[in-house]
Amino acid sequence: MKIWQSEIDLNIVTERSKQSMSDFLGIEFIDVGDDYLTARMPVNERTKQPIGIMHGGASCVLAETVGSTAAQFCVDITKYYCVGLDINTNHVRSMRNGFVIGMAKPFHLGKSTHVWGIEIKDEAGKLVSVNRLTMAVLER
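Residues numbered from 1 in each chain as written. Predicted model: local features only at pLDDT ≥ 70, side-chain atom pairs only at ≥ 80, totals over all residues. Heavy atoms only, no water.

**Some remarks on the overall build of the chain**
- Helix and strand counts for the chain come out as three helices and six strands.
- Along the chain, helices and strands appear, N-terminal first, in the series α-α-β-β-α-β-β-β-β.
- A compact globule built from 140 residues would reach a C-alpha radius of gyration of about 14 Å, and the chain, at 14 Å, matches this within 12%.
- In terms of its C-alpha atoms, the chain occupies a principal-axis envelope of roughly 45 × 25 × 25 Å.
- Within the chain, buried positions represent 41% of all 140 residues. (Helix = DSSP H or I, 4+ residues; strand = E, 2+ residues; numbered from the N terminus. Rg over C-alpha atoms; globule rule 2.2 N^0.38 Å. Buried < 20%, exposed > 50% of the residue type's maximum accessible area, 1.4 Å probe, protein only.)

Here it is as C-alpha cells:
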C-alpha cells in the first residue's frame, strides 16, 4: 500500500536535507518504496565516540532523520508538518567502520500522530539497532 501524500523521490529528499545535521553527518537517502524510506550513514570521525565505536546518538540521528523525513511526505504539506515527539533506541551491535543503513516503515499513520519503526543494519544486513519514533502532526 502506497503511503505517500506528496511526490517523493530521492532527489527531492536529498535537496531538503542540505544544510542540516544529516548533511553534516553524511547521511544519504538511498531508496524509497511504496511504504518505506531508506538512508545510510558513514561510521567515521563525525559519528564515533572516543572509544572508536559509533555513538548511540548518531544512531538516533539516523533514525530520526529517515523517520521524520518519511513522515513529512505522509501529510499534506500545505496544511500540516511533522515534528519528533519521542524516540526510543535499542542498541544491538556496535560498529567501528563502514556504513549503517536505516529503513523507516510506519506502524501507525494517524491524524495527530505517526509511529515509525526504523531498523538500522550494517552493510551485511546484521541488525545494529531497533528504533521507534513518534511524530506529532501539527497544523500550519
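Now that the structure has been shown, the text picks up again.
**Focus: the pairing of strand S6 (residues 127–139)**
- With 11 bridges joining them, strand S3 (residues 80–91) and S6 adopt antiparallel strand pairing. By the bridge assignment for S6, cysteine 82 is matched with valine 137.
- Taking the residues between adjacent antiparallel strands as the criterion, strand S5 (residues 113–122) and S6 are bridged by four residues, where glycine 125 takes a positive phi near 90°. (Pairing = 2+ DSSP bridges.)

**Some remarks on the environment of alanine 58**
- Within the secondary structure layout, alanine 58 lies in helix H3 (residues 56–72).
- With a relative accessible area of 7%, alanine 58 lands in the buried category.
- With 65 residues separating them along the chain, alanine 58 and glutamate 123 place their C-alpha atoms 17 Å apart.
- For alanine 58, the residues in contact, after removing those within four places along its chain, are Met41 and Thr47. (Contact = heavy atoms within 4.5 Å.)

**Things to note about the pairing of strand S1 (residues 28–32)**
- Of the pairings in the sheet, the one linking S1 to strand S2 (residues 37–42) comprises four bridges and is antiparallel in character. Opposite phenylalanine 29, over in S2, you have alanine 39 as the bridge partner.
- If you look at the hairpin formed by S1 and S2, you'll find four residues sitting between the two strands.

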